[in-house]
Structures are given as C-alpha cells and as structure tokens.
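# Coordinate analysis (summary)
Residues per chain, in single letters:
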Amino acid sequence: MSENGHENKSIILPSSITVRELAVSLGSSPIDIIKTLMSNGVMANINQQIDFDTAAIVAAEMGFEASLETIAEEIKEDLGEVPLWRQVIMNEDPAKLVPRPPVVTILGHVDHGKTTLLDAIRHTNVVEGEAGGITQHIGAYQAEHNGRLITFLDTPGHAAFTAMRARGAQGADVVVLVVAADDGVMPQTREAIAHARAAKVPIVVAANKIDKPNADLDRLKQQLAEVGLVPDDWDGDTIVVPLSAKRKIGLDDLMEAILLVADNLEILANPDGQVLGTVIEAERDRTRGPLATLLVQNGTLQVGDVVIAGNTYGRLKAMFDNRGRRVRKAGPSTPVSVMGLSDVPEAGDIFRTVENERDARSIVAERIQQQRESTRAQRNTMTLEQLFDRFQSGDVRELPLIIKADVQGSLEPIIHEVNELGKGDIKINILYAETGNIGENDVMLASASKAIVIGFNVQADTAARRLADSEGVDIRLYDIIYRLTEDLEKALKGMLEPEERQVVIGHAQVRAVFRISKLGNVAGCLVTSGELRRNAYIRVLRNGSVVHEGPIGSLKHLQEDVREVRTGFECGVSVKQFDDFKVGDELECFVTEKVAVA
C-alpha cells in the first residue's frame, strides 16, 4: 500500500536502468526522477545507470511496487530474437532452473590449431569411461575441470556454427577463438569474430602456438584490440589465454577461463522440463540407419522418447555417449548419438519430444507442406525496400549490413559514411566489413543475421549468388560510393525507388569454341541448370572471376535460331562485343527485373 492508502501498481525493472528509461517506465518526467534521487542522496544525470535497489526506492515514492526482472526476461531483452530453446527455458518455473555445463564451440582461421586444440582437450580432460568403452566420434564431447563439466562441440568452423543459427538454434554458450600467436589476426579470424558477435556469444581468445620462436603475444593483443577484443590485462573484457595445443601448455588456464565466463552468464536449464535441443550432426550408417548427434539443452532425453528433428521423427531405439557406451537418458548440455529417426536431419535443426508417433507424423507433414508453400518473400531476411515498413510496424530497430569492397582504401570511407547514416531512428549495424569478392560465408552470415550484403567494386561468386537466391539474401553491388550511401539513406527514410535487380536464370559450360565469320567466336555450350534465353544477358566466369558481362548476340540449337535452351541441351552462344571464350568457361545467364517497393 502507498502512503495515501491506495494499492501500489506493480512494475518489473531490470538489474540496472538509466534515469531516462526509468522515467519512461514510470510515466514520469526525468526531472522528477532526478529530484527524487537527490532527495535520497543520489546525484545522477539523465543518461546515468542506477541499480535496481535505487530504482525501486524511486518507484515506491511514485506509487509503484517494483520487482526484479527474472533471468529469463533479461535473456529475452538482451538477445532480441531469442532461439527457440531459450524461449522454452524462459517459460519454465524459475525455481526449477539449475546450472548446466557450458557448451563451447571453437572458431578461428584455418591452420591456427582448432582441431589440435580439440584433440588436446579431449585426450587430457575427457571424462574417463568404463574399461573396454569404445570411443566414437559423435560431433561433441564433455571434458572435466576441477570437478565441473564443459561440453565441446567437435565441429570447428563458423560454417557449422552459422548453420545452426540460420535454423533458429544457438548451439554454443561460449566461443573459443583460436588465434596463432605467430600469425596474428587473419581474415578468417575477423570473419569468425563477426559470426560470434552476430550470435551474441561471449568470446574467449586462445592465443595458440606460443612455443614458436616467432610468436609475438603483444602484437597479437594489439591486433585483437584493433578489432574490438580488448584483452582483460589491457583493461578490456576479453580473456586472452596463451597456450600451445601441440605441447599441451595452458589448457587448464583455458578451461578456467571458460568456466569464469560461463559463471557470469548464469547458464540454466530445467532437467524435468520440456525436452528440447539442437542437432549437432547426422549421417546415414549402412548397418544402423540414420544416426544423429543431439545436444540436449533443456529437459532429459530418454530411450523410448518420440522425437521430432526438423522434417524427421522417430522413437529413439538407442542412445550412446561419446565413448560409445549405451545410455538410457541424457540431461541438459549432454551430447548423445541416437538411433531411431526416420531420416537424416540437418545440422542445426531443433529437436523436441512429443507424446506419440501419430502426433509426430502430423507435425512433420504440416512442416513439409508449409515449406512447399513458402515463398522467398516469406523468408526471414529483408530487402532494403522492406526495411522501412518493418521499422514502422516495430519489427526491426536496426539494419544489419555486411560490406565487401575491392581495397582497404575504399572500405574505410564506406564504413565512415554508413556509420554517419546510422545515427537516426534506425541504427546501422555493420556485422562484418572486409576486402574481397562476396563468397558463400558472407551469404551464410547474412542469412543467419537477416542482413543485407553490400558490395563495392566487387563481384559475388557463383556459389554465393546461388546461395543468396535460395536463402532470399539481398546482395547490392555498387561502383560509386555516393550511390551506395544514397540507396541506404533513401531506405532509412522509406523513399527507396524500385530497383533493377539481376535474376540468374541459368548456367552453361563452354565445351568448344567455333569461329563464324559474321559473329566472331561462338561458344558451344551445354546448359547445366535453368535455361538460356535469347533476350537475356550473359556473365562469363573464368576460374571464379567475371571476365565479361553483356547481352546475348545469338542463340542457336542445331543450327537454328531459338528463343531459349533448357537444362541438358547443347547450344551455340555469342555475346555482343566479346569473343574471347575459352573451353571450361562458365556462362551465367541473367535477366534484369524491376522490384517494386514492398
């Protein structure tokens, strides 16, 4: 009850809040909040953070009874778009949540020692099994340090990590970033950092190969600081652990650092709650049928449970731990290999248990039907045209971008201009910026993060274009900086004009080159996918690089002019103002179409 006898209104507040945010929550003015704080001996400005206890006193004086936001609510606030398994935990009874072992994945540049580190941890710290236990690779294992378990995903590489996020999962609680102390921060290192940050997963840096004579730890720390990972001994918040995976030096320090970071995260689950988790990897065994490695993230999985994983389902016939031992059940953060699914699920699929196989069949059939009916417009990614509408409806508060440019001299001014644009209502979040052509990894990161890929004086390689098309990722290519920034500015103001977009409709491979007097060199081709159309354009690709783009000059099949040639047929193609075809060139056929504002 308040002093005037009326019942106080309830309000939930986080563990810390700014004066401005508190004023909004209480429906009061910041001046009144500051005055109340001053009367209680607290001097604070409008943007200053105050703790829950202080905020609760202010709230009480204004007729509110404040309660502390639960851990689940804080998770939801921090992550924005919450993975499904976290949503399940958020709906559990907080009294039943207990700590679970942290799940760790290892990322880093190729040849910096990811696999060597995993092997070193496995052989040094993996929990010993019964005598005669047969070790098998199941994509994950548990190691022990000071009596506490840590689960390692034995699938190093940000491709697997991002595949999980793209399907709504979040397999890891902590990322260990392996960086060689002699090589330092490399392009793939920066890419891995971008993936970890996009997933909002804390990073522990393993400074590997410190035993090498040319290892330079200070130089490495400087490079890490330059990419935003300021070491803790430089007053930053990133733990950097010097180690040598090959010589097994510093492994205990790494395990200690992982547990330290995990303790700050409050990693919780309900062993008795809804069973749910992530598919780590899967394969079809000749004798045992579909095998899947499942990471349990909530509840306890048991033999006999009926499981749905993506578009597969089945009653679990058997479960094995990473030492090949049969187990009857597996609790939170435990990886197990299972038999009994109807087919091979995809890595990153979410799995859960249901009551019976009839329900499982019905749910999977409905999922397959929905996927068939879904269109590219229904994908989670967004185009620039759709951005403003989504902002107005409150669905989006920032524009995630991936920027690729030809040289560093172009990249830096583009980043500066883009950051200037992002000071308005819609924040621009540059997830990753690097030199080089747009590749599959860029598209994967964009797909998982609902980002738009911006390219300046670069091309998207064929594999990236195909993936972008299938995933609905918007790729924008520019050769003038002001046009790039102008498009972004118009999008942020909701004024973007319909754009002309290139749509790839077919591919062909050059099998022979013929000389025809009126046309010059003509490419004798086999259409490998889609179709070639007479009124379309051709992009000539050689060793993955674009050597020419231009309209089709002529298209013939069996000496006759035709309007189109489809997959599996041979044809002769000429391209206007180009006749330097080589056997082995790939021809990409595309048309341009106008896309109206969504």
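How each quantity is defined
Residues numbered from 1 in each chain as written. Predicted model: local features only at pLDDT ≥ 70, side-chain atom pairs only at ≥ 80, totals over all residues. Heavy atoms only, no water. Buried < 20%, exposed > 50% of the residue type's maximum accessible area, 1.4 Å probe, protein only. Helix = DSSP H or I, 4+ residues; strand = E, 2+ residues; numbered from the N terminus. Arc of directions from axis to C-beta. Pairing = 2+ DSSP bridges. Core = buried A, V, L, I, M, F, W, Y, C linked by side-chain atoms within 4.5 Å. Salt bridge = Lys/Arg side-chain N within 4 Å of Asp/Glu carboxyl O. Axes fitted to C-alpha atoms, helices over the stretch in contact; angles between N-to-C directions. Parallel < 35°, antiparallel > 145°, perpendicular 65-115°, else oblique. Contact = heavy atoms within 4.5 Å. Nonpolar A, V, L, I, M, F, W, Y, C, P; charged D, E, K, R; others polar. pLDDT = per-residue confidence, 0-100. Phe/Tyr/Trp six-rings, centres within 6.5 Å; stacked < 30°, edge-to-face > 60°. Lys NZ or Arg CZ within 6 Å of the ring centre and 35° of its normal.

## Thoughts on helix H1 (residues 19-26)
Within the span of H1, buried status applies to Val 19, Leu 22, Ala 23 and Leu 26. Projected onto a plane normal to the axis of H1, the buried residues spread over an arc of 100 degrees and lie on a single side. Where H1 ends, the next residue or the one after it, Gly 27, has phi of about 65 degrees, a positive value.

## Some remarks on the sheet that holds strand S16 (residues 306-309)
Pairing in this open sheet of 8 strands is antiparallel, and the strands run S17-S16-S22-S13-S14-S21-S18-S19 from one edge to the other. Every other strand in the sheet has two partners, leaving strand S17 (312-315) and strand S19 (326-327) as the edge strands with one partner each. Looking at chain direction, strand S18 (residues 318-320) and S19 are connected through 2 bridges and run antiparallel. Directly across from Met 319, in S19, lies its bridge partner Val 327.

## Re the nonpolar core
Ranked by internal contacts, the top residues of the largest apolar core, which has 26 residues, are Leu 117, Ile 121, Phe 152, Val 176 and Leu 254. When residues of this core are traced back to their parent elements, those giving at least two are strand S6 (103-108), helix H6 (114-125), strand S7 (140-145), strand S8 (148-153), strand S9 (174-180), strand S10 (203-208) and helix H10 (251-265). A per-element tally of this core places H10 first, with 7 residues. Val 527, Cys 571, Val 575 and Val 591 belong to the second largest nonpolar core, which has 21 residues in total.

## Examining the pattern of salt bridges
Evaluation of the coordinates by the stated rule reveals 24 salt bridges. Arg 515 is paired through a salt bridge with Asp 579; the nearest N and O atoms lie 3.4 Å apart. Here the residue Arg 515 occupies a position in strand S27 (residues 499-516), and Asp 579 occupies one in the loop between strand S33 (570-575) and strand S34 (586-595), the gap between them amounting to 64 residues. Relative accessible area serves as the criterion here: at 60%, Arg 515 is assigned to the exposed category.

## Some words on the packing of helix H8 (residues 187-198) against helix H14 (residues 440-449)
Here H8 crosses H14 at 10 degrees, and the two axes come no closer than 10 Å. In terms of axis orientation, H8 runs roughly parallel to H14. Residues Glu 191, Ala 194, His 195 and Ala 198 of H8 touch H14, and the partners they reach there are Asn 441, Asp 442, Leu 445 and Ser 449. In terms of residue class, the contact of H8 with H14 is made up of 3 nonpolar, 3 polar and 2 charged.

## Concerning the confidence of the model for the protein chain
This prediction gives the protein chain a mean pLDDT of 80; 81% of its residues lie at or above 70. Element-level pLDDT for the protein chain is lowest in helix H4 (residues 71-79), with a mean of 37, against a maximum mean of 94 in strand S15 (residues 301-302). Low pLDDT (under 50) marks residues 127-136, which in the prediction has 22 contacts with non-local residues, meaning those over four places away or in another chain. Contacts from residues 375-380, a stretch scored under 50 in pLDDT, to residues over four places away or in other chains number 10 contacts.

## Looking at the packing of aromatic side chains
Evaluated as defined, the whole model comprises 3 aromatic pairs. An angle of 25 degrees between the planes, with centres 5.8 Å apart, marks the rings of Tyr 141 and Phe 152 as stacked. Placement of the pair is Tyr 141 in strand S7 and Phe 152 in strand S8, with a sequence separation of 11 residues. In this structure, Tyr 141 and Phe 152 share a single accessibility class: buried. Ring centres of Tyr 537 and Phe 590 lie 5.7 Å apart, and the angle between their planes is 20 degrees; this geometry places the pair in the stacked category. With Tyr 537 in strand S29 (residues 537-542) and Phe 590 in strand S34, this pair connects stretches of sequence that are 53 residues apart. In this structure, Arg 288 is placed above the aromatic ring of Phe 320, and the distance from its NZ or CZ to the ring centre is 5.7 Å. The cationic tip of Arg 539 hangs over the ring face of Phe 590; the distance from NZ or CZ to the ring centre is 4.3 Å.

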